[in-house]
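# Results of the structural survey
Here is what each chain is made of, one letter per residue.
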Amino acid sequence: EPEVTQTPSHQVTQMGQEVILRCVPISNHLYFYWYRQILGQKVEFLVSFYNNEISEKSEIFDDQFSVERPDGSNFTLKIRSTKLEDSAMYFCASNRRLGEKLFFGSGTQLSVL
Amino acid sequence: DQQVKQNSPSLSVQEGRISILNCDYTNSMFDYFLWYKKYPAEGPTFLISISSIKDKNEDGRFTVFLNKSAKHLSLHIVPSQPGDSAVYFCAASAQSGGSNYKLTFGKGTLLTVNP
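Described in the following lines is the structure provided in the data block.

Reading guide: rules and limits
- Residues numbered from 1 in each chain as written.
- Chains lettered and ligands numbered in written order.
- Predicted model: local features only at pLDDT ≥ 70, side-chain atom pairs only at ≥ 80, totals over all residues.
- Heavy atoms only, no water.
- Helix = DSSP H or I, 4+ residues; strand = E, 2+ residues; numbered from the N terminus.
- Buried < 20%, exposed > 50% of the residue type's maximum accessible area, 1.4 Å probe, protein only.
- Contact = heavy atoms within 4.5 Å.
- Areas by Shrake-Rupley, 256 points an atom, 1.4 Å probe, with all protein chains shown as cover.
- Lys, Arg positive; Asp, Glu negative; His and termini not counted.
- Charge placed at Lys NZ, Arg CZ, Asp CG, Glu CD.
- Salt bridge = Lys/Arg side-chain N within 4 Å of Asp/Glu carboxyl O.
- Polar contact = N/O pair within 3.5 Å; in protein donor to acceptor, adjacent residues only side chain to side chain.
- Phe/Tyr/Trp six-rings, centres within 6.5 Å; stacked < 30°, edge-to-face > 60°.
- Core = buried A, V, L, I, M, F, W, Y, C linked by side-chain atoms within 4.5 Å.
- Pairing = 2+ DSSP bridges.

So, on to the overall build of chain A. Counting its secondary structure elements, chain A contains 0 helices and 11 strands. Principal-axis analysis of the C-alpha atoms gives chain A an extent of 35 × 25 × 25 Å. Evaluated residue by residue, chain A yields a buried proportion of 46% over its 113 residues. In chain A, the share of contacts with a sequence separation of at least 24, taken over all contacts with a separation of at least 6, comes to 54%. Per element, the accessible surface of chain A, about 5,700 Å² overall, is 46% carbon and sulfur. Chain A carries 11 positive and 14 negative side-chain charges, and their two centres are separated by 3 Å.

In this section: the pattern of salt bridges. All names here are of chain A. Applying the stated criterion across every chain yields a total of 6 salt bridges over all chains. We note a salt bridge from Glu100 to Arg96, for which the minimum N-O separation is 3.5 Å. What you see here is one network of salt bridges that share partners, running through Arg36, Glu44 and Asp86.

This paragraph deals with the side chain of A:Thr108. Residues and elements named next belong to chain A. Topologically, Thr108 is positioned in strand E11 (residues 108-112). Within the structure, Thr108 has its side chain in polar contact with the backbone oxygen of Pro8 (distance 2.5 Å). What Thr108 contacts, discounting residues up to four positions off in sequence, is Gln6, Thr7, Pro8, Ser9, Gln11, Leu21, Ala88, Met89 and Tyr90.

Once that is clear, we can look at the packing of aromatic side chains. To describe a pair of aromatic rings, you give the distance between the ring centres and the angle between the ring planes. One pass over the full model with this rule turns up 16 aromatic pairs over all chains. Taken together, a centroid distance of 4.6 Å and an interplanar angle of 40° make the contact between B:Tyr25 and B:Phe33 tilted. Take B:Tyr25: its relative accessible area is 7%, and that puts it in the buried class. Three or more aromatic residues joined by ring pairs make a cluster, and in this case those are A:Tyr35, A:Phe45, A:Phe91, A:Phe104, B:Tyr36, B:Phe46, B:Phe89 and B:Phe105.

On to the nonpolar core, then. Ranked by internal contacts, the top residues of the largest apolar core, which has 24 residues, are B:Phe30, B:Phe33, B:Trp35, B:Leu73, B:Leu75, B:Ile77 and B:Tyr88. Take this core: its biggest share by element is 4 residues, from strand E9 (residues 86-93) of chain B. Aside from chain neighbours lying at most four places away, what touches B:Tyr88 is B:Gln6, B:Leu21, B:Trp35, B:Tyr36, B:Lys37, B:Leu47, B:Leu75, B:Ile77, B:Gly108, B:Thr109 and B:Leu111. Among the nonpolar cores identified, the runner-up in size contains 22 residues, and A:Cys23, A:Phe61, A:Phe65 and A:Val112 belong to it.

Quick look at the environment of B:Leu66 now. Residues and elements named next belong to chain B. Tracing the backbone through its elements, the reader meets Leu66 in strand E7 (residues 62-67). Since its relative accessible area comes to 6%, Leu66 is described here as buried. For the pair Leu66 and Asp31, spaced 35 residues apart in the sequence, the C-alpha separation amounts to 10 Å. For Leu66, the residues in contact, after removing those within four places along its chain, are Tyr25, Phe33, Ile50, Ser51, Ser52, Lys54, Asp55, His72 and Leu73.

Residue and element names in this part refer to chain B. Read across the sheet, 5 strands follow the order E1-E3-E8-E7-E6 without closing on themselves; strand pairing throughout is antiparallel. A strand with exactly one partner marks an edge of an open sheet, and here the two such strands are strand E1 (4-5) and strand E6 (56-59). Pairing analysis gives 2 bridges linking E1 to strand E3 (residues 19-25), with the strands arranged antiparallel. Bridge pairing links Lys5 to Asp24 in E3.

Any functional reading would require information that these geometric values do not contain.
Next comes the structure, spelled out in structure tokens:
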């Protein structure tokens, strides 16, 4: 079964550093998403992306965050200057059509020290 | 702002018995509801969904019930199996007239099925 893949599985960084989290969505999917889960809290929506632009973003997704689809397969989340509170599990997801179930990757655990 | 609430952080049941996981929501714009299952070190996996035009949807051992007037849904697993042990997330979206791009998740319920 096709799956969403995320790399790396773990990322440790110093506060203030830039990080890029990478995702390869399922190949025929058109809608891409980032969610995150801070330890002990709920999974939270960050951003959705379609047709090479952001379609919706949450309050969490401020100017420090950006997303990009640099080629036909990768979908990246960049955090420009990480803060301690950015430590979380970041999940990439995709679906083929709006309203269809999301397929999630296994996540990148980001630790900001 | 907890628009989707799962008030039971954990649930323990015996193998073969029924597991009932509950979820409440506050946003009346939500019209599509999903349950996801999550094992440690994996991403959430879709389990079953229900549209607000229905009050029940069944898929094998899994049934989701929706009570719109009470803004409540539940997931029934019968019979429960040890492999069902995981965190179960309730999620909702507003597909018509609202945002159909994002899912709003509950905090999850850890289900443990004992052999």
